[in-house]
Every structure is written in structure tokens, then in C-alpha cells.
Amino acid sequence: MSHDNFGRNVVLQPKVRYTPENDAEVLEILNRHQGEQIRSVGRLHSWSRVLESEGVLLDLRKMNHVRCLDESADHRVEVGAGCQIKRLLSEMSSQKNWTLPSVGFITEQTIAGAIATGTHGSGRNTLSHYVLSLRIAHYDVETGRAVIRTISAGEELLAVRCSLGCSGVILQVTMLARPAYQVEECFREYEVLSSVLAAEKKYPLQQFYFLPWRWTFFAQHRREVESTSSWTLMLYQLYRFLAFDISLHLLILFLVRLLRSPTAIRNVFRCVIPLTVIRGWGVTGPSNTQLVMEHELFRCVETEIFVRRDQLPSALEYVREVLQCLGSSHGGTSRFLSMVSQAGCDSLLQQLRGQYCHHYPICVRRVLSDETLISPACPDDSTAATSSDDWYAMTFTNYHRGKARQPFDALAEFLTVSMGRLFRARPHWGKICPDNLSETRRLYPRMQQFVKICQRIDPDGAFRNRWMSSLFEEG
Ligand SMILES: Cc1cc2nc3c(=O)[nH]c(=O)nc-3n(C[C@H](O)[C@H](O)[C@H](O)COP(=O)(O)OP(=O)(O)OC[C@H]3O[C@@H](n4cnc5c(N)ncnc54)[C@H](O)[C@@H]3O)c2cc1C
């Protein structure tokens, strides 16, 4: 039995797969497979080896209830682990006109899957940060029998908020919610990064795209507003759908899969794609639609790298030089080459030179510092978070298929490894990550606490996969 993930870059080969309908069935399955490897999955929208499974696969799609709780001053929502975010948003909207504090590009993921890897949007924390309590099933250390417990406080909560599926089977999540809100958005192009970042004060929810081969910044300015939806909202949504979700992707697929010409890719990014962006058209609409796009329509793979705000300018300059060396005849400035050498990645750069022409805008999103142990946006030291601890996630997207994707995989390894060494940059757990995590673990000051908590909950490592062993072993 084998299953592909969304990007078809990870194959799961479980011996058996279950779709339990309730807690009792989960307990029964765990007891039946005591001593075996157990992996729970959501909608397989991760691109990393976090999904690898050789034993028992649990898919909790049937456990998807949604209940808005208003007995406390806070807005809270209780949701079954396998509920897709799109269903959660629609239920919250119809039950109470509530929504989530943040969403990513898409809403296909399940809530348990999204929090397990630190899924995020822009200008807020990752979804993991908003988890108030979790019900998990795991094996009792004394009896070895499956049990259910609720975790709602302390370091254990910080650990299980983002746990890569290593802390047992998540059955139910209680999240912070909020009343539905409106978002105004408009696009602008900038020559320099400092101008984009300066606009954050006015547009705290903004994200921006660093356009390869043109090397300018297209900001998608966004802010929460009180006003009602613009009369042009439907027209704007149609424009965004046709121009970006469809036409841009068809053009990229044509360039990458049919034409296969680096010169054409560079020219289209320099001169054609910028023409499709209408600058300065400000439109207001509900957050649930404004913040989301249809990124799932065309199959792709991604890697994503988080850097701290103070590192962002030099990290983007580094990225630009890497992509220029790989996709053109650029030799690299002496500063860049000495950085590559400092990272011990000279020979990998030599191998990759001229091998890969990047073909997608690099999306950069600001993610506030999380209260978790290992989400990619958790603080870089164990002191309390401050605004300078905000993170910026840079996303690299690729539309090659099969063997043609190998240079991108090598680029992902090059960027995650070299930027980890140079900038203490962290890879997104759900996107292509290094094969060996022993260096990645050092980027998390509280990794040791995370490992201890997982070992306490799951001493036999039933809920880990082989890839994760390098996280749990002292390197
Ligand atoms: C088109 C596309 C767009 C994306 N956009 C964004 C984005 O904007 N922002 C962002 O941050 N990420 C984004 N991602 C990445 C995605 O959000 C994450 O990889 C997410 O983890 C996938 O959720 P899933 O439900 O498919 O879970 P899966 O990929 O199936 O699983 C992810 C992890 O969750 C664990 N898990 C799942 N269910 C359970 C459970 N019940 N109990 C315990 N562990 C469980 C799994 O073991 C695994 O470790 C995108 C992915 C795609 C394909």
C-alpha cells in the first residue's frame, strides 16, 4: 500500500491504514498495534519527510466536529483533529460569525496537520501559537495500553502545539478564535527592501514577493479595517483568480515544462509578469477570502526558510546571488563567495552552477514570535519574545516534475544547510527540509525540552519516523 503526498515528492508506505470515527476506535487501533510504528496524517499537504510512514497510518478525516465555545470571555473553538481548515472556517462563520486569528495561503490542511508543522500566514503567529489545549491518545508508560489525556498548560502544551506528530495522536484541538474581520489589500512595487518594511507599520498583515530576475519587491499591502466590503470586491477576486491563480501558473508551466528556456524565464519575469500586477487598487473584503489563494490548483513543491528580521536584508541578498549563480552566468561577488565558503558549501555551489533557473516569485511573510518549543517562529533564545524576534519566512516554489526537479531539491538542500549555518535560518517543518536534522536541531534553543517531553509521553518512539531520529539523537 503506498500513498503520495500533494507534491508527489514523498511516498508513504504504511502496512495498514485506518480512518477511525471516534476516540474509542483510535484506542482500539493503538492497542491492536502496540509495539508498531504509528503515524497520523492530515491531507498530506506537507512536502517534507515528516510524512514518511512504514507502519500504521491513521487518517482522522472522519473526526471533524466543530463547536464554537462562548462560555468564557475568550473566543474558543473546539475542533476534531481531522477537520480541514476550510470546513472549520465555514462552520465558525455560520455558528457565530467567528474566524481564526490567522490562515495560510490555502485552507485544504487539517487543523492537526497544520499545527503539527507550524503553518502560518503573514503578520500574525503560526497557528500552533493559538492552540489552547489538545486531546491526545498515546500509550500509558506503566500499562502499555492506549490512553487519552488533555494537555492544556505548561511546557507540555508548548511542546504539543507544534510536535511533528511525535507526541501521540491528536484527537481534538481547542484554538483561540476571534470575530470575523475585514481586510483591505493593494499591490505596490518597490525597488528597495527598506521601503517595503517601512510600510509594515501601516499594513501589519502585508506580505511581499521578491521577483527573481527583476529583483524588485511586489508588496501585497494588507491591513485590518472596519469598513464593509468594496463594491469592486467580486471583480478584484475574479482578477486575482484569473491573473495569478490561473494565468501566471499556466505561463510558468509553459516556460518550465515545455519551452525549458532559462533566457525566456528570465525575460518573462523581468518584463511580462510585472505587467499583470495592478498597482494601487485598494479593495476590502472578508479575511477568509482576502488572505487565501488557490495555490493548490497546480501541483508544486516548496522549501521555506525563516530568518530573523535583523538578518532579512543580508539573507535576501544571499538568496539573490545563489539564484543568479545557478540560473545565469553570474560568478558571484567576493563577499558572497566567502560566505559560501564559510558555510562549507563551495563544492555544492560549483556542482549547481548553471543548473537551475528559478521560476516563481519568492513570497516573504512576517511571522510573529511564537510561544512554542519548536515551531519555526519560536524565539531564537529562551528569553521572552520581543518584536525584534519576529521572523520572515521566504518561500521557494518549484513546478518541475520527476527527475527535472533534482536541481531544485539540491537548491533546497543548499539553501537550508548554508543559511542555517550563516543566518541561523530554520526550515519550515512541512516543506522540503535537510535529510539529516542534526544541524537543524541546534537552531532551536528549547529542542532538548521538546525531546524530553516527547520521550516522556512516548518513551518507545512509536509516534516518530526514521527521519526524525536525528532530531532525537544528540549529534
Ligand atoms: C499548496 C500548499 C500551500 C501551502 N501553504 C502554506 C502556507 O501558506 N503556510 C504554511 O505555513 N504552510 C503551507 N503549506 C504547508 C502545509 O500547511 C503544512 O505542511 C501542513 O502541515 C499540511 O497539513 P495536512 O493536514 O496536509 O497534514 P499532513 O501533511 O498530512 O501532516 C503534517 C504533519 O502533521 C501530523 N499530523 C497530522 N494529523 C495528525 C494527528 N491527528 N495527530 C498527530 N499528528 C498529526 C503528521 O504526522 C505530520 O507530521 C502549504 C502546502 C501546500 C501543499
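Rules behind the numbers
Residues numbered from 1 in each chain as written. Predicted model: local features only at pLDDT ≥ 70, side-chain atom pairs only at ≥ 80, totals over all residues. Heavy atoms only, no water. Buried < 20%, exposed > 50% of the residue type's maximum accessible area, 1.4 Å probe, protein only. Helix = DSSP H or I, 4+ residues; strand = E, 2+ residues; numbered from the N terminus. Phe/Tyr/Trp six-rings, centres within 6.5 Å; stacked < 30°, edge-to-face > 60°. Contact = heavy atoms within 4.5 Å. Near = heavy atom within 4 Å. Polar contact = N/O pair within 3.5 Å; in protein donor to acceptor, adjacent residues only side chain to side chain. Areas by Shrake-Rupley, 256 points an atom, 1.4 Å probe, with all protein chains shown as cover. 1 Å grid on protein atoms, 1.4 Å probe; cavity = no way out; pocket = protein on both sides within 12 Å on 5 of 7 lines; lining within 4 Å. Sits in = over half its atoms within 2 Å of the grid points. Pairing = 2+ DSSP bridges. Axes fitted to C-alpha atoms, helices over the stretch in contact; angles between N-to-C directions.

Peer 1: Give a detailed account of helix H4 (residues 154-161), specifying residues and quantitative values.
Peer 2: Within H4, 6 of the 8 residues are buried, which leaves the element mostly enclosed by the surrounding structure. By the burial criterion, the buried members of H4 are Glu156, Leu157, Leu158, Ala159, Val160 and Arg161.

Peer 1: Residue-level account of the packing of aromatic side chains, with values.
Peer 2: Under the definition given, this model contains 17 aromatic pairs. Ring plane angle 85° and centroid distance 5.1 Å describe the contact between tyrosine 236 and tryptophan 281, whose orientation is recorded as edge-to-face. Here tyrosine 236, found in helix H6 (residues 233-259), pairs with tryptophan 281, found in the loop between helix H7 (262-272) and strand E16 (283-286); they are 45 residues apart in sequence, far enough to count as distant. Exposure remark for tyrosine 236: the relative accessible area of 1% places this residue in the buried category. Residue classification places tryptophan 281 among the partly exposed positions, given a relative accessible area of 22%. Taking 5.9 Å as the distance between ring centres and 45° as the angle between the ring planes, the aromatic pair formed by tyrosine 239 and tryptophan 281 counts as tilted. Residue tyrosine 239 is found in helix H6, and its partner tryptophan 281 is found in the loop between H7 and E16; the two are separated by 42 residues along the sequence.

Peer 1: Summarise the environment of alanine 81; cite the residues concerned and give the values.
Peer 2: When you line up the elements, alanine 81 lands in the loop between strand E7 (76-80) and helix H2 (85-96). Given the relative accessible area of 2%, alanine 81 is considered buried. Along the sequence, alanine 81 and histidine 65 sit 16 residues apart, while their C-alpha atoms lie 8.5 Å from each other. Setting aside residues up to four positions removed in sequence, alanine 81 forms contacts with Leu60, Met63, Thr110, Ile111, Ala112, Ile170, Leu171 and Gln172.

Peer 1: Could you give me a rundown of the site of the ligand, with the residues and numbers involved?
Peer 2: Taken together, the neighbourhood of the ligand is formed by 37 residues, with Ser40, Ser46, Phe105, Gly113 and His428 sitting nearest. With respect to the ligand, the side chain of glutamine 109 contributes an N or O atom lying 2.8 Å from an oxygen atom. Within the complex, 100% of the 970 Å² of free accessible area of the ligand lies under protein. One can see that the ligand is located within the largest cavity. When residues of the shell around the ligand are traced back to their parent elements, those giving at least two are strand E4 (38-41), helix H3 (111-117) and strand E11 (169-176). Top contributing element to the shell around the ligand by residue count: H3, with 5 residues.

Peer 1: Give a description of the environment of serine 369 that names residues and reports values.
Peer 2: Examined against the element boundaries, serine 369 turns out to sit in the loop between strand E18 (362-367) and strand E19 (391-398). The sequence separation of serine 369 and threonine 126 amounts to 243 residues, and the corresponding C-alpha distance is 8.5 Å.

Peer 1: Summarise the sheet that holds strand E20 (residues 426-427); cite the residues concerned and give the values.
Peer 2: As summarised here, the arrangement of the 8 strands in space is E16-E13-E15-E14-E18-E19-E17-E20, forming an open sheet in which the pairing is antiparallel. Two strands in the sheet have a free side with no partner beyond their single neighbour: E16 and E20. Across 2 bridges, the pairing between strand E17 (residues 301-308) and E20 is antiparallel. Paired with isoleucine 305 across the bridge in E20 is proline 427. Where H6 meets the sheet, its contacts fall on strand E13 (182-190), strand E15 (217-225) and E16, and the angle it forms with E16 comes to roughly 90°. Across the sheet, helix H9 (residues 312-327) lies against strand E14 (207-210), E15, E17, E18 and E19, angled at about 15° from E19, the strand it touches most.

Purely geometric numbers; function is a separate question.
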